[in-house]
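Single-letter residue listing:
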Amino acid sequence: MSEQTLSDTAVEPAAEVKENSSYTAKPLTLMWWRFKKHKLALWSLGVIILLYLVAAFAGFLAPYDPFKHNRLHPFVPPQSIHLFSEDGTFQGPFVYGLKRQRDPETARLSFEEDTSKINRIRFFVEGDKYKFWGLVPTKLRLFGVEGRRNRIYILGTDKLGRDLFSRLVYGARVTLSVGLIGVFFSFVIGITLGSLAGLIGGTIDTVIQRMAELVRSIPTIPLWLGLAAALPVNWDPILVYLLITVILALIGWTNLARVVRGHFMTIRNQDFVLAARLSGATKTRIVTRHMLPSMTSYVIAAISLAIPEMILGETALSFLGLGLRPPVISWGVLLQDAQNLRSIALAPWLLIPGVAIVVTILAFNFLGDGLRDAADPYQK
């Protein structure tokens, strides 16, 4: 037998095994195989994981306390990180010191690099005290500069001299968690109402569908504004945070409920559901053990597409002053400093939280598109 024939006979079993594995693989495994082909969705998944890691370790990554004011450094522009000094000598990562200047005509304070002063960047340094995950008191920070009075502002400062990078990192915790918690609440409401409408039907289905149509018929932004404006200003920020997520969930459950209802109406008369009924299984067991698992991939795709809507909702409400309010830090609250053209003209870096929001929304949308394609059983 020739070498070519031997190689062909070796390849054929491997291809046959791979083809057979696709027939015996679980739905989530097939979904993962299809998802891996979507490169943009894979990159977006990496970006989202990175963002949530930043949010989880915000205290360690932020060089300063996000609430700490510095009256000497208002509206400091972002500092550039250098490796070589002006004479070409390698110094390692460093930033130049700051030189204050005041315009004699407008009296506006400005800052420039003081090339005569080099502030070297050090890693794993002691900084402002904080509680890691709210439990362990520590002063360890990822990076900082030498000298107690020296500062590094890689994204600049706001009007009160607070480090924008530290505030952006801390704001990620609130903004990204609002998306997850809001989707969780809407997931519970949508799954419950959608499964009742699709499984039982009749009057219950009619009532739930009219409720969904009523919510969807009201313009989203005015509904947000009306519900958020009803929250008293003097309430505790944590309570306001929870109520904002509930408001977003009460508005965002309709899409998921319709998806669940349509799927349940499709499969409620299929053989595996009828077999479960004949075997004496309760409706709760049929729903939780047979019907819901069959649409796991669809639910995952729907959730990934719903999270950016929740994030945009919180950002819009906080930007307009009707959602989260200081001292709570979120990306929407940070954008309040960029509400007028004068602030943007003097300090365009205040729009950086908007860039973070755009990147996050795009990453979730690309991830949702990839999951939706992967969940499609007819997608190859």
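For clarity, every value in this text was computed on a predicted model and none was experimentally measured.

About the criteria used
Here the residue numbering is sequential within each chain, running from 1 through the sequence in written order. A pLDDT threshold of at least 70 governs which residues receive local features in this predicted model, and a stricter bar of 80 or more applies before side-chain atom pairs are shown or counted, although totals over entire chains, interfaces and linings include all residues. Side-chain numbers here rest on the full set of heavy atoms in the structure, without hydrogens or water. A pair of strands is treated as paired once DSSP finds two or more bridges between them. Note on conventions: DSSP H or I runs of at least 4 residues are helices, E runs of at least 2 residues are strands, and numbering of each starts at the N terminus. To get an axis, fit a line to the C-alpha atoms, keeping to the stretch in contact for a helix; angles then go from 0 to 180 degrees between the N-to-C directions. UniProt positions are given in the numbering used here, feature names are shortened, and annotations may be inferred rather than shown by experiment. Working rule for angles: under 35 degrees goes down as roughly parallel, over 145 as roughly antiparallel, 65 to 115 as roughly perpendicular, anything else as oblique. Here a crossing is taken to be left-handed if its near helix is turned anticlockwise relative to the far helix by less than a right angle, and right-handed if that turn runs clockwise. The contact criterion used is simple: two residues touch if any of their non-hydrogen atoms lie within 4.5 Å. Residue polarity follows a fixed list, in which Ala, Val, Leu, Ile, Met, Phe, Trp, Tyr, Cys and Pro are nonpolar, Asp, Glu, Lys and Arg are charged, and the others, Gly among them, are polar. In these notes, a set of buried Ala, Val, Leu, Ile, Met, Phe, Trp, Tyr and Cys residues joined through side-chain atoms within 4.5 Å is what counts as a nonpolar core. The rule is simple: take the accessible area with a 1.4 Å probe, protein chains only, and divide by the maximum for that residue type; under 20% is buried, over 50% is exposed, in between is partly exposed. Like charges are joined within 9 Å and nonpolar side chains (Val, Leu, Ile, Met, Phe, Trp, Tyr) within 5 Å, but only among residues with over 30% relative accessible area and no salt bridge; these make up the patches. Where accessible areas are quoted, they stem from the Shrake-Rupley method and a 1.4 Å probe; at the residue level, only the protein chains shown are allowed to cover. One side-chain nitrogen of Lys or Arg within 4 Å of one carboxyl oxygen of Asp or Glu is enough to make a salt bridge. Neither His nor the chain ends contribute to the count of charged residues, in which Lys and Arg are positive and Asp and Glu negative. All charge positions are set by atom: Lys at NZ, Arg at CZ, Asp at CG, Glu at CD.

Participant: What exactly am I supposed to notice about the sheet that holds strand β4 (residues 136-145) here?
Facilitator: Backbone hydrogen bonds are what pair the strands of a sheet, in a parallel or an antiparallel way. Taken in spatial order, the four strands make up an open sheet running β1-β2-β3-β4, and their pairing is antiparallel. This sheet does not close on itself; its edge strands, each paired only once, are β1 (82-84) and β4. The average undirected angle you get between the axes of adjacent strands in this sheet is 50°. Direction of pairing for strand β3 (residues 109-132) relative to β4: antiparallel, over a ladder of eight bridges. Bridge pairing in β4 links Phe132 to Val136.

Participant: Even after reading the chapter, I still don't get the UniProt feature "domain: ABC transmembrane type-1" (unreviewed entry) in the protein chain, so can you show me in this structure?
Facilitator: Following the UniProt record, one finds the feature "domain: ABC transmembrane type-1" (unreviewed entry) at residues 172-368. Between the C-alpha atoms that bound residues 172-368 the distance is 20 Å, and the span itself is 77% helix and 0% strand.

Participant: Just to check I follow, could you spell out the UniProt feature "transmembrane region" (unreviewed entry) in the protein chain for this structure?
Facilitator: When the UniProt feature table is mapped onto this chain numbering, "transmembrane region" (unreviewed entry) sits at residues 40-62, 174-202, 214-232, 238-260, 298-324 and 344-367. In residues 40-62, helix accounts for 91% and strand for 0%; the two terminal C-alpha atoms are 29 Å from one another. With 93% helix and 0% strand, the stretch residues 174-202 has end C-alpha atoms that lie 41 Å from each other.

Participant: Would you take a moment to explain the packing of helix α5 (residues 164-199) against helix α15 (residues 352-375) for this structure?
Facilitator: With their axes 11 Å apart at the nearest point, α5 and α15 run at an angle of 40° to one another. If you check the angle between α5 and α15, you find them oblique. Classified by chirality, the crossing of α15 by α5 is right-handed. Listed contacts from α15 to Leu164, Leu168 and Leu176 of α5 are Ile352, Pro353, Ala356 and Thr360. For the contact of α5 with α15, a count of residues per class yields six nonpolar, one polar and no charged.

Participant: Any chance you could explain the nonpolar core here in plain terms?
Facilitator: Across soluble globular proteins, nonpolar side chains have a tendency to be buried as a group. One finds Ile152, Ile244, Leu324 and Trp331 to be the most contacted residues of the largest nonpolar core, which totals 67 residues. Take this core: its biggest share by element is ten residues, from α5. Look past the residues within four positions of Ile244 in its chain and what remains in contact with it is Ala228, Leu231, Leu317, Leu322, Gly323 and Leu324. Leu199, Leu256, Ile267 and Val273 belong to the second largest nonpolar core, which has 13 residues in total.

Participant: Can you help me understand the pairing of β3 in this one?
Facilitator: Strand residues, when the strand is regular, have side chains that alternate between the two faces of the sheet. As judged from the nine bridges shared by strand β2 (residues 90-102) and β3, these two strands associate in the antiparallel manner. Counted as the bridge partner of Tyr96 is Ile118 from β3. Adjacent in sequence and paired antiparallel, β2 and β3 are bridged by six residues, among which Ala107 carries a positive phi angle near 65°. Two successive antiparallel strands, β3 and β4, enclose a turn made up of three residues, where Trp133 displays a positive phi of approximately 55°.

Participant: Got a minute to help me understand a positive patch on the surface in this structure?
Facilitator: A cluster of like positive charges, contributed by Lys129, Lys131, Lys139 and Arg148, occupies part of the molecular surface. Inspection of the secondary structure puts Arg148 in the loop between β4 and α5. Residue classification places Arg148 among the exposed residues on the basis of a relative accessible area of 81%.

Participant: Is there a simple way to think about the pattern of salt bridges in this case?
Facilitator: Think of it this way: side chains of opposite charge can pair up when their charged atoms draw near. Enumeration over the complete set of coordinates arrives at seven salt bridges. Across the salt bridge formed by Asp158 and Arg162, the nearest N and O atoms sit 2.8 Å from each other. Each member of the pair, Asp158 together with Arg162, is buried. The partner of Asp205 in a salt bridge is Arg261, and the shortest N-O contact between them spans 2.7 Å. Here the residue Asp205 occupies a position in helix α6 (residues 202-217), and Arg261 occupies one in helix α9 (residues 254-267), the gap between them amounting to 56 residues. Under the relative-accessibility criterion, Asp205 is labelled buried at 10%. One salt-bridge network, in which partners are shared between bridges, spans Asp158, Arg162 and Arg167.

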